[in-house]
Structure formats: C-alpha cells, structure tokens
Amino acid sequence: MTLPAAPDASTALPAAADLWKPVLVRAAVALGFGAVTVFWASPSPSGMGWAGGLYLLATGVVLLWSVNRTGLRPGSASSKILSAAGAVLTGTGAAVGLIPGNLVFGVLAAVGLGLAGAAELHLGITNRRRSLLARDWTASGVVGLGTAALLPFFIDLGPHALLGVAGGGAIISGVLWILAGLTLRHDARADSAKAVN
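Draft legend 1. Structural detail: the side chain of threonine 59. Position of threonine 59 among the secondary structure elements: in helix α2 (residues 45–66). Overall, threonine 59 belongs to the buried group, its relative accessible area being 6%. From its side chain, threonine 59 meets the backbone oxygen of tyrosine 55 in a polar contact 2.8 Å long. Setting aside its immediate chain neighbours within four residues, threonine 59 contacts Arg26, Val29 and Leu89.

Given below as structure tokens:
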C-alpha cells in the first residue's frame, strides 16, 4: 500500500493572513491616487507626470512585494508574470514621472496599465482554483485593460482628462481591492480564532 503524495506547494492555497496586507496597501494606493485626481482641478503636465508616475510606481512595488505572499510557487510562470507586471508598472511610473507630457503619459501609462492588466487577467483565469485572489485579479485585469484602452483617446484633452481616466480606473480597482482585502482580513481573524479554540 502506498501513501498519497504530499500536496504540491504550487497548488496549496495561501492563508488569508498572508494576503490581506499587500491587498489593502494596493487599495490604499489606488484610492489615494483616485482622490487626488478627483480634487485636483487644474493639474499641470509635470504635476500629472509626478502624480501618475508615483501611482504606477507604487502599484508596481506593491505587486512585487505581494509575489511571495500570493501562494504562487517561486520561479513558476505565474510568479514570473506577476513580477513582470510589477516591474513594468514600476518602470513606466518612473518614466512618466521623469518625462512629463500628455503624449508620454497617455502612451506609457496605457502600456504599463495594459500589460499589467493583461498579466492579472491571465493570472486570474489560470489560477481560478489555486488562488484566493483569482477573481480579484480577473476584475482588476479587466479594469486595467479598459483604462489602458481609453487613455490614448484623451491625450489631446490635457492633464485633467488624462488624470480623470487614470483616476477613474484607480478608484474602481481600489474599491475592488479594498473589498478583497477586508474579506481576507476577516477570514484571517476567523482562522486565528478557530486555531485558538
């Protein structure tokens, strides 16, 4: 009689306790940027570059931080995709901040958000049964792709319009991520209460 093999680490679900912090940080970054875009009446091109660049940069850093907490096997294709999405957002964020201009923002932010959105959509679909974040990645990927598709159409309308489109996408994804983070936090507390009893 043979014993069943131990579960593969690549298919094990991560604990909610490992996920809620980076998810809530990502939500805070998105909602903070969204709030700035709502209340900033007349941004300059350089202000748009710095605000948008910091948003993309911070989102990329949070994605890179969350790779090890998502339950994806280190070195797997999924973890490499999430790392690449974080790196793309970080790079485009730095470029947008350092080279202010409507065209630069419209094109580079669209590229960064589009590639990251495609990566998240792929992760959501391929990790449906293996990750607690699969549905959230799918929704966030669709929002990122939609924002990326709209940005180039607003280049001629100036910084306020470009920040409005990017901020609108950030608010939608921020609300989705805050709901996910609060749910994960609640589940983590419930799990720890069960462990104590």
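From this point, the discussion proceeds with the structure in view.
Draft legend 2. Inspection of the nonpolar core at higher detail. Counting 36 residues, the largest nonpolar core has Phe105 and Leu151 as its most contacted members. When residues of this core are traced back to their parent elements, those giving at least two are α1 (16–39), α2, α3 (77–98), α4 (102–126), α5 (134–150) and α6 (159–196). Considering every element that reaches this core, the biggest residue donor is α6, with eight residues.

Draft legend 3. Spatial organisation of the environment of tyrosine 55. Within the element layout of this structure, tyrosine 55 appears in helix α2. Classification of tyrosine 55 by relative accessible area gives buried; the value is 10%. Linking tyrosine 55 and alanine 170, residues 115 residues apart in sequence, is a C-alpha distance of 9.0 Å. Tyrosine 55 has contacts with Val29, Ala30, Phe33, Ala170 and Ser173, leaving out every residue within four places of it along the chain.

Conventions we followed
Residues numbered from 1 in each chain as written. Predicted model: local features only at pLDDT ≥ 70, side-chain atom pairs only at ≥ 80, totals over all residues. Heavy atoms only, no water. Helix = DSSP H or I, 4+ residues; strand = E, 2+ residues; numbered from the N terminus. Buried < 20%, exposed > 50% of the residue type's maximum accessible area, 1.4 Å probe, protein only. Polar contact = N/O pair within 3.5 Å; in protein donor to acceptor, adjacent residues only side chain to side chain. Contact = heavy atoms within 4.5 Å. Core = buried A, V, L, I, M, F, W, Y, C linked by side-chain atoms within 4.5 Å.

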